[in-house]
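# Analysis of the macromolecular model
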Amino acid sequence: MLKTMFRYLLAVCFVVAGANHFRHPDFYISMMPPVLPWPAMWVYLSGVAEVGLGVALLVPSLQRIAAWGLIVLLIAVFPANVHMATHPGEFSSFSPILLWLRLPLQAVFIAWAYWFT
C-alpha cells in the first residue's frame, strides 16, 4: 500500500513538473546551458517526457519502463540544474543554497524511481 502511494506521488510530481514546462517555458529555457542548441525544443520535449512517463508510471504494464525512463530523464536534465547552481545571479529568485541543494535531490528522485523498476 505504501509503495503504491509513493508511486502515485512520484507520478503526480512528474506530471505537474512536466505541465509547468508548458505553463512557464521561459523559465525552463533560462535553465538550459547555453551550449545546447534549440533550448525551447528541449524544454518542450522534456515536458512531454515528464508528463508521459509520469502517467505511464501508473500503468502496471508500463511501470518498469517508465521508471527507467524517469531515471534517464533525471540524468539528462542534470546539466540544467548544474547550470542553475553555477549561475545563481541568473536565478535571483532562488537562494544559491537551494540551487546547490537541488543537485543531490536528483539522486533522491533517481532512487525513488528506481524503487519501481
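Because the structure is a prediction, the values reported are computed rather than measured.

Of the regular secondary structure elements, the chain holds five helices and zero strands. Scanning the chain from its N terminus toward the C terminus, one meets helices and strands in the order α-α-α-α-α. Over its C-alpha trace the chain gives a radius of gyration of 14 Å, about what one expects of a compact globule, namely 13 Å for 117 residues. Partitioning the intrachain contacts of the chain with sequence separation of at least 6 by distance along the chain shows that 66% fall at a separation of at least 24. Surface exposure of the chain reaches about 7000 Å², of which carbon and sulfur atoms provide 77%.

Interaxial distance between helix H3 (residues 39–56) and helix H4 (residues 63–86) falls to 8 Å at its minimum, and their mutual angle equals 150°. The pairing of H3 with H4 is recorded here as roughly antiparallel in orientation. Judged by the sense of rotation from one axis to the other, the crossing of H3 with H4 is left-handed. Contacts between H3 and H4 involve Ser46, Ala49, Glu50, Leu53 and Ala56 from the former and Gln63, Ala66, Gly69, Leu70 and Leu73 from the latter. Per-class residue counts for the contact of H3 with H4 are six nonpolar, three polar and one charged.

Calculation rules
Residues numbered from 1 in each chain as written. Predicted model: local features only at pLDDT ≥ 70, side-chain atom pairs only at ≥ 80, totals over all residues. Heavy atoms only, no water. Helix = DSSP H or I, 4+ residues; strand = E, 2+ residues; numbered from the N terminus. Rg over C-alpha atoms; globule rule 2.2 N^0.38 Å. Contact = heavy atoms within 4.5 Å. Areas by Shrake-Rupley, 256 points an atom, 1.4 Å probe, with all protein chains shown as cover. Axes fitted to C-alpha atoms, helices over the stretch in contact; angles between N-to-C directions. Parallel < 35°, antiparallel > 145°, perpendicular 65-115°, else oblique. Left-handed = near helix turned anticlockwise from the far one by under 90°. Nonpolar A, V, L, I, M, F, W, Y, C, P; charged D, E, K, R; others polar.

These values are about where atoms sit, not about what they do.
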